[in-house]
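Each chain is listed here by its residues.
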Amino acid sequence: MSAVGVAAAVCAGGSAWLVLGRDRERRRTRAVLGREALAEPSAWRRAVLRVGGRVGHEWWSLAGGAVVALLGESLLPLVLGTAGVPLIRRVRRGRDARLEEERRATEVIALCGALAGEVRAGRQPGEALRTAAAGAGAGLGEARAGVLAAARFGGDVPGALEEAAREPGSQGLVGLAACWRVAVDRGAGLAAGLERLEGALRVERDQRADLRAQLAGARSTAVMLAGLPVLGLLMGSALGAEPLRVLLHTGAGLGCLAVGGALEGAGVWWALRIVRGAEER
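Residues numbered from 1 in each chain as written. Predicted model: local features only at pLDDT ≥ 70, side-chain atom pairs only at ≥ 80, totals over all residues. Heavy atoms only, no water.

In this section: the overall build of the chain. Each helix and strand counted, the chain has 12 helices and 0 strands in total. Helices (α) and strands (β) of the chain occur, in sequence order from the N terminus, as α-α-α-α-α-α-α-α-α-α-α-α. Here the chain holds 281 residues, and the buried ones make up 33% of them. By sequence separation, contacts in the chain at least 24 residues apart represent 62% of the contacts at least 6 residues apart. Carbon and sulfur atoms provide 62% of the accessible area of the chain, an area that totals close to 15,900 Å². (Helix = DSSP H or I, 4+ residues; strand = E, 2+ residues; numbered from the N terminus. Buried < 20%, exposed > 50% of the residue type's maximum accessible area, 1.4 Å probe, protein only. Contact = heavy atoms within 4.5 Å. Areas by Shrake-Rupley, 256 points an atom, 1.4 Å probe, with all protein chains shown as cover.)

Relative to each other, helix 4 (residues 76-120) and helix 9 (residues 190-226) sit at 155°, their axes nearing to 9 Å. The orientation of helix 4 relative to helix 9 falls into the category roughly antiparallel. Where helix 4 crosses over helix 9, the two elements pack in a sense that is left-handed. Note on element contacts: helix 9 touches helix 4 through Leu 190, Ala 191, Ala 192, Leu 194, Glu 195, Leu 197, Glu 198, Leu 201, Arg 202, Arg 205, Arg 208 and Arg 212, opposite Glu 102, Ala 105, Thr 106, Val 108, Ile 109, Cys 112, Gly 113, Leu 115, Ala 116, Val 119 and Arg 120. Here the residues of the contact of helix 4 with helix 9 are counted per class, giving 13 nonpolar, 2 polar and 8 charged. (Axes fitted to C-alpha atoms, helices over the stretch in contact; angles between N-to-C directions. Parallel < 35°, antiparallel > 145°, perpendicular 65-115°, else oblique. Left-handed = near helix turned anticlockwise from the far one by under 90°. Nonpolar A, V, L, I, M, F, W, Y, C, P; charged D, E, K, R; others polar.)

Moving on: a nonpolar patch on the surface. The grouping of Met 224, Leu 225, Leu 228, Leu 231 and Met 235 at the surface amounts to a nonpolar patch, some 500 Å² of accessible area in total. Within the residue set of the nonpolar patch, elements represented by two or more residues are helix 9 and helix 10 (228-238). Here the element with the most residues in the nonpolar patch is helix 10; it accounts for 3 residues. (Patch = residues over 30% accessible without salt bridge, like charges linked within 9 Å, V, L, I, M, F, W, Y side chains within 5 Å. Salt bridge = Lys/Arg side-chain N within 4 Å of Asp/Glu carboxyl O.)

Next up on the list: the nonpolar core. Most often, soluble globular proteins keep nonpolar side chains buried together rather than apart. Formed by 31 residues in total, the largest nonpolar core has its most connected members in Leu 115, Leu 129, Leu 173 and Leu 176. Going through the elements one at a time, helix 4, helix 5 (125-132), helix 6 (144-153), helix 7 (157-164), helix 8 (172-186) and helix 9 are the ones with two or more residues in this core. (Core = buried A, V, L, I, M, F, W, Y, C linked by side-chain atoms within 4.5 Å.)

This part is about the layout of surface pockets. Size it by volume and the second largest pocket reaches roughly 590 Å³. Glu 101, Gln 171, Glu 204, Arg 208 and Arg 212 are, among the 22 residues lining the second largest pocket, the residues nearest its centre. Contributing elements (two or more residues each) for the lining of the second largest pocket: helix 4, helix 9 and helix 12 (251-280). Of the residues forming the lining of the second largest pocket, the biggest block, 8 residues, is contributed by helix 9. (1 Å grid on protein atoms, 1.4 Å probe; cavity = no way out; pocket = protein on both sides within 12 Å on 5 of 7 lines; lining within 4 Å. Points joined across faces, edges and corners; volume = space filled by probe spheres on them.)

Note on placement: Leu 234 falls in helix 10. For Leu 234 and Leu 244, which are 10 residues apart along the polypeptide, the C-alpha to C-alpha distance reads 10.0 Å.

Taken as a whole and judged by the stated rule, the model has 1 aromatic pair. Ring geometry for Trp 269 versus Trp 270: centroids 6.0 Å apart, planes at 45°, classification tilted. Assessed through its relative accessible area of 47%, Trp 270 is described here as partly exposed. (Phe/Tyr/Trp six-rings, centres within 6.5 Å; stacked < 30°, edge-to-face > 60°.)

Moving on: helix 6. Taken together, the buried positions of helix 6 are Val 147, Leu 148, Ala 150 and Ala 151. Seen end-on, helix 6 carries its buried residues on one side only, within an arc spanning 160°. The outward face of helix 6, more than 90 degrees from its buried face, is lined by the exposed residues Ala 145, Arg 152 and Phe 153. Those residues of helix 6 that are buried lie in contact with helix 5 and helix 7. A positive phi of about 75° marks Gly 154, the residue just after helix 6. (Arc of directions from axis to C-beta.)

Take the pattern of salt bridges next. With the rule as written, the count across this model stands at 16 salt bridges. A salt bridge links Arg 92 to Asp 96, with the shortest nitrogen-to-oxygen separation between them at 3.7 Å. With Arg 92 and Asp 96 both in helix 4, this residue pair falls 4 residues apart, about one helical turn. A salt bridge links Glu 242 to Arg 245; the nearest nitrogen and oxygen atoms lie 2.8 Å apart. You can call Glu 242 partly exposed: its relative accessible area is 30%. With a relative accessible area of 42%, Arg 245 lands in the partly exposed category. The structure contains a network of salt bridges with shared partners spanning Glu 100, Arg 103, Arg 104, Glu 107 and Glu 167.

What follows covers the state of the cysteines. Here the structure, examined in full by the defined rule, presents 0 disulfides. Cys 179 supplies the cysteine sulfur nearest to Cys 112, a cysteine that is in no disulfide, at a spacing of 7.5 Å. (Disulfide = S-S within 2.5 Å.)

Here we take up the confidence of the model for the chain. Across the chain, pLDDT averages 76, with 75% of residues at or above 70. In this model, residues 1-25 is a region of pLDDT below 50 whose contacts with residues beyond four sequence positions or in other chains number 44 contacts. Scored below 50 in pLDDT, residues 28-40 makes 15 contacts in the model with residues more than four places away or belonging to other chains. (pLDDT = per-residue confidence, 0-100.)

Next comes the structure, spelled out in structure tokens:
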């Protein structure tokens, strides 16, 4: 039965790595070396990520459940693997949303710096904004066309910026709108205000990255502890205890599986909730 334990460990470990590995490595590298220092992945990792991207990380749960169901001669692992598909999809979408939010925040910082440089070079604010926002996205999201139109035809640029700031990660555009409004209404220096805004947004971003890097250890510990039951199955199989047969084909085993799974899920949810609460604060 050791082959069963090995297969279960490989499936569970592969699914966890595909879901959490890339996000954790990206955050640690960005926190230490900055966004520009993300290295090109190796050939084998590119191949794995390419396959994972085509298949979808959530479907590895179904594949793992099917393998364990075949080896354990029970449909229960297949049912659990199927139930895990929407959960893993939700985790993946949340991770993608966080990465998109971080990307927009970085683009807003770059937009403030570029706009300050264009204004100091002698361009008018509207022309400077159009030039600075010529890059892809520039943190303006779907409201980019409205902002550029307002800047080109003398419309309500602060209002358009505040509309664009509603998208997650683009909250810094509220400060840009305030700088624009003060500079136009009171004749204050737009470039100086933009430079101060850029510095404040950059410090805030670095603080968030540092906090997430510090919390990465706690998150990794929670995931590692969640994988300990797989290690228990592996050790039981090595000792000849046939844990899958006991868990899937006996009343006591099914009861232990239900209680243990509930406690496991509650523990992981609570640990990750604490980490997310710390990140939000």
